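Fold and contact review
Chain by chain, the residues:
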Amino acid sequence: MCVLFSPLVAYAQTSDWDDWLATQILQHPDVLAAREQWLGSNATADALEQPLYNPSLSSEVERKGQERNFRVGVEQTIDWWDQRGARQEQARSERIAAEALFRQKSLDKTAEALSALVEWRAADRAADIAQAQQSQLDTLFDLVQRRVQAGDLGGSDAELTFLSLSQQQTQLTEIEVALQKAESRVAELLPDWTPERGGVPDEFWPAQSETISEKTLLQHPAVATVRARWQSLKDEAEVTRRSNKAEPTVGLNAGRDGGQSVVGLTLSIPLNVRNNFSAESRAAEREASRAYAQFQAVYRKKRFDWQAAQKAWQRFDQQYRRWQSVTQNRIENSADLLKRQWRSGDLSTTDYLLALNQRAQSMLAGIELEKQTKQALIDVLQESGRLMNEITLTQ
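Please read all numbers here as calculations on a predicted model, not as lab measurements.

Here is what the cut-offs are and how they apply
Residues numbered from 1 in each chain as written. Predicted model: local features only at pLDDT ≥ 70, side-chain atom pairs only at ≥ 80, totals over all residues. Heavy atoms only, no water. Patch = residues over 30% accessible without salt bridge, like charges linked within 9 Å, V, L, I, M, F, W, Y side chains within 5 Å. Areas by Shrake-Rupley, 256 points an atom, 1.4 Å probe, with all protein chains shown as cover. Salt bridge = Lys/Arg side-chain N within 4 Å of Asp/Glu carboxyl O. Lys, Arg positive; Asp, Glu negative; His and termini not counted. Charge placed at Lys NZ, Arg CZ, Asp CG, Glu CD. Helix = DSSP H or I, 4+ residues; strand = E, 2+ residues; numbered from the N terminus. Pairing = 2+ DSSP bridges. Axes fitted to C-alpha atoms, helices over the stretch in contact; angles between N-to-C directions. 1 Å grid on protein atoms, 1.4 Å probe; cavity = no way out; pocket = protein on both sides within 12 Å on 5 of 7 lines; lining within 4 Å. Points joined across faces, edges and corners; volume = space filled by probe spheres on them. Nonpolar A, V, L, I, M, F, W, Y, C, P; charged D, E, K, R; others polar. Buried < 20%, exposed > 50% of the residue type's maximum accessible area, 1.4 Å probe, protein only. Parallel < 35°, antiparallel > 145°, perpendicular 65-115°, else oblique. Left-handed = near helix turned anticlockwise from the far one by under 90°.

**A short note on a negative patch on the surface**
Taken together, the side chains of Glu60, Glu62, Glu67 and Asp257 present a region of like negative charge at the surface. As for its position among the elements, Glu60 is in strand β2 (residues 56-64).

**Brief notes about the sheet that holds strand β3 (residues 67-77)**
Spatially, β2-β3-β4-β5 is the arrangement adopted by the four strands of the open sheet, whose pairing is antiparallel. Edge positions in the sheet fall to β2 and β5 (260-268), since each has one partner strand and no second. Adjacent strand axes in the sheet meet at a mean angle of 15°, parallel and antiparallel pairs treated alike. Where strand β4 (residues 249-257) lies against β5, nine bridges are found, and the strand directions are antiparallel. Opposite Val250, over in β5, you have Leu267 as the bridge partner.

**Overview of empty space enclosed by the protein**
Enumeration over the complete set of coordinates arrives at one cavity of 30 Å³ or more. Computed from the structure, the largest cavity encloses a volume of approximately 40 Å³. Lining the largest cavity are Ile129, Ala130, Gln133, Gln168, Gln171, Asn357, Ala360, Gln361 and Leu364. Elements with a minimum of two residues in the lining of the largest cavity: α3 (83-150), α4 (155-189) and α9 (349-384). Looking at the lining of the largest cavity element by element, the count peaks at four residues for α9. Looking at the lining of the largest cavity residue by residue, the classes come out as four nonpolar, five polar and no charged.

**A closer look at unusual backbone geometry**
Located in the positive-phi region is Asp82, a residue other than glycine, with phi close to 60°. Within the secondary structure, Asp82 is located in the loop between β3 and α3. Residue class for Asp82 comes out partly exposed when judged on its relative accessible area of 41%. One non-glycine residue, Phe277, adopts positive backbone phi at about 60°. Tracing the backbone shows Phe277 in the loop between β5 and α7 (278-327). Taking relative accessible area as the criterion, Phe277 reaches 29% and is therefore assigned partly exposed.

**Details of the packing of helix α6 (residues 221-243) against α7**
Where α6 contacts α7, the two axes come as close as 8 Å, and the packing angle between them is 170°. Considered as vectors, α6 and α7 are oriented roughly antiparallel to each other. By crossing handedness, the relation of α6 to α7 is classed as left-handed. Of the residues that constitute the contact of α6 with α7, the class distribution is 13 nonpolar, two polar and eight charged.

In structure tokens:
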């Protein structure tokens, strides 16, 4: 049996990267465990569909004087109330629940992997900025020292530059440690990933999120799981009700008695007089009612969770676009402009260091805002179930 899982965003084109990600998700131990649980549940469902009663064979031998009498018979209990039909309905619901549970685990692991890639990409870009900032400060420190020796600047300028450089070294170390942790997290989730492969391709992300219908929400793995479990318990209650009814057992035997051939027919029916087993039926019905209430609760929560995620993403996306429009082309050109003003004397060393720090912080803020926007988008796609396309099962 081969399970092919393809995590796709509904708005994105199928690509080699999507296929690669699908392969990586399938290799994760948590998903492998969920797959085995799915297959085990299918085996349990197969057992539910089997006939309830097997025939039984009986034999009897006795001796009366010189006569040897014997009988051979077969008995079969009849599924008079069609328990097997109800159990087959329950098996169908169990299969749906097991598949939905596997889909949910795959969906969660896909979202986790994408989130880790987004985190790594943000840390990698932040490390680039921190390294560039330290390189600028190293160069600045050399220039300041030469200008101090030449008498163009005072000793306090060199001291301020040194303090900024020391602070930047600490910040760079913290960012590089965060990058290493992010790399380890991605490597744990995606076995074949390397930093050279990079993060999530830009074309993977949808430009906007659509409203989901009630039908789409019902197909979400988390909702489909509890819905199928409710249906399974509902079917189980029907199985319990039918099993409490008396079912006949028919037997046919043949042999010899007193030198004569004999054929016999037997019929036995349990008499549910002392116990009619109605309590078991009531308990099963209450369990089904509990499962229905749980299904309604999960469905309602999923709808509100999606709405909350949608609003959060829209807010982050709005602020990130605003940040882009305000800082577009300004940050890239500001470094050379600040350097020219400092060299010409229009900008003091203190103000120059402050401006360099503010420039770096602005770039880091943009990276953080972009990361939060994409994380919010992952939440939207996960809550709607659209982060994952259908699972194809072939035998």
